[in-house]
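A closer look at the structure
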Amino acid sequence: MNVQRSEWSDRQQIHDVVLRYCRGIDRLDFDLVRSAYHPDGVDHHTGFEGTLDEYIAWVEPKLRARRGGTMHIVGNHLVELLGDTAISETYGTSVHWGEPADDPRVNFTSGVRFIDHMEWRDGRWAIAERWATREWTRSDAGRLMPKEGAGPSGSRDGDDPLIRLQRKLNGTGAGA
């Protein structure tokens with residue numbers, strides 16, 4: 001596949017890497033999370049440092065055990081292009097919820113920055129190394145309440161509205 005590169009397309013592709021990671025984590029789609037990294041990628045999170053495979057093995061059971069969810073909301077995103085490498089800094093908010101509802105280790109919101117060493121390899125941008133810095137954390141224990149009425153709800157399985165729409169429109173159910 002011959003990919004045309006420009007400064008604009010490089011920046012957009014790097015931004016898409018960040019968004020793919022967030023969607024993958026929030027929807028428990030670890031193939032999508034994996035696609036945001038190069039196979040030899042390294043990750044540094046609060047309580048974890050290691051390879052991509054080690055990161056997936058560490059984070060997946062934690063997220064599945066919560067039986068609630070996460071929502072990663074990204075804001076400021078700045079990319080410093082350096083040829084076939086780049087520095088990407090993304091500010092965001094990471095919301096976590098689950099059971100028990102009064103447990104602050106399960107129900108919290110953090111201000112985060114993803115500081116990514118991105119590399120262009122094999123025709124794609126992906127994370128070579130990531131530092132997920134936690135700038136602040138607030139407990140949401142006991143603060144969440146149920147929806148006020150019937151309507152669409154997100155889920156971390158094949159019943160999520162996104163997955164249903166993907167199946168309907170492209171027949172695959174696959175992510176971005």
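Residues numbered from 1 in each chain as written. Predicted model: local features only at pLDDT ≥ 70, side-chain atom pairs only at ≥ 80, totals over all residues. Heavy atoms only, no water.

Under an unreviewed UniProt entry, the name given to the protein chain is Nuclear transport factor 2 family protein, and the organism recorded is Rhodococcus parequi.

On a plain count of helices and strands, the protein chain comes out with 4 helices and 6 strands. Overall, the protein chain shows an N-to-C arrangement of helices and strands of α-α-β-β-α-β-β-β-β-α. With the principal axes as the frame, the protein chain shows a C-alpha extent of 50 × 40 × 30 Å. Burial statistics for the protein chain: of 176 residues in total, 38% are counted as buried. In the protein chain, the share of contacts with a sequence separation of at least 24, taken over all contacts with a separation of at least 6, comes to 56%. If you sum the accessible surface of the protein chain, you get close to 10,100 Å²; carbon and sulfur atoms cover 53% of it. Of the charged side chains in the protein chain, 23 are positive and 28 negative, and the gap between their average positions amounts to 5 Å. (Helix = DSSP H or I, 4+ residues; strand = E, 2+ residues; numbered from the N terminus. Buried < 20%, exposed > 50% of the residue type's maximum accessible area, 1.4 Å probe, protein only. Contact = heavy atoms within 4.5 Å. Areas by Shrake-Rupley, 256 points an atom, 1.4 Å probe, with all protein chains shown as cover. Lys, Arg positive; Asp, Glu negative; His and termini not counted. Charge placed at Lys NZ, Arg CZ, Asp CG, Glu CD.)

For the rest of this paragraph, the subject is the side chain of Ser94. Residue placement: Ser94 occurs in strand E4 (residues 85–97). Residue Ser94 is classed as buried on the basis of its relative accessible area, which comes to 4%. Among the polar contacts made by the side chain of Ser94, one reaches the side chain of His96 at a distance of 3.4 Å. (Polar contact = N/O pair within 3.5 Å; in protein donor to acceptor, adjacent residues only side chain to side chain.)

Attention shifts here to helix H4 (residues 161–170). Measuring from the backbone nitrogen of Leu162 back to the side-chain oxygen at the start of H4 gives 3.0 Å, which picks out Asp160 as the cap. One or two residues past the end of H4 sits Gly171, with phi positive at roughly 70 degrees.

Of note, Asp84 is situated in the loop between strand E3 (69–82) and E4. Counting along the chain gives 74 residues from Asp84 to Asp10, while the straight-line C-alpha distance between them is 9.5 Å. When neighbours within four sequence positions are excluded, Asp84 is seen to be in contact with Arg5, Met118, Glu119, Trp120 and Trp125. Of the polar contacts made by the side chain of Asp84, one reaches the side chain of Arg5; its length is 2.8 Å.

This part takes up the pattern of salt bridges. According to the stated counting rule, one finds 14 salt bridges in the structure shown. Here Glu89 and Arg113 are joined by a salt bridge, their closest N and O atoms 2.6 Å apart. Of this pair, Glu89 sits in strand E4 while Arg113 sits in strand E5 (residues 108–121); the two residues are 24 residues apart in sequence, bridging distant segments of the chain. The salt bridge partner of Arg138 is Asp140, with a shortest N-O separation of 3.1 Å. (Salt bridge = Lys/Arg side-chain N within 4 Å of Asp/Glu carboxyl O.)

Right, let's get into the UniProt feature "domain: SnoaL-like" (unreviewed entry) in the protein chain. Sequence positions flagged by UniProt for "domain: SnoaL-like" (unreviewed entry) are, in local numbering, residues 8–130. The span residues 8–130 is 33% helical and 50% strand by assignment, and the distance between its end C-alpha atoms comes to 22 Å. (UniProt positions renumbered as here; feature names shortened; annotations may be inferred.)

Bringing the sheet that holds E3 into the picture now. Across the sheet, 6 strands lie side by side as E2-E1-E6-E5-E4-E3; this open sheet has mixed pairing. On the outer flanks of this sheet lie strand E2 (48–51) and E3, each paired with one strand and no other. When strand polarity is set aside, the average angle formed by the axes of neighbouring strands in this sheet is 15 degrees. Pairing between E5 and strand E6 (residues 124–139): 14 bridges, direction antiparallel. Directly across from Phe108, in E6, lies its bridge partner Ser139. Lying on the sheet, helix H1 (residues 7–27) is in contact with strand E1 (37–45), E3, E4, E5 and E6; it crosses E3 at an angle near 160 degrees. Lying on the sheet, helix H3 (residues 52–66) is in contact with E1, E2, E3, E4 and E5; it crosses E2 at an angle near 130 degrees. (Pairing = 2+ DSSP bridges. Axes fitted to C-alpha atoms, helices over the stretch in contact; angles between N-to-C directions.)

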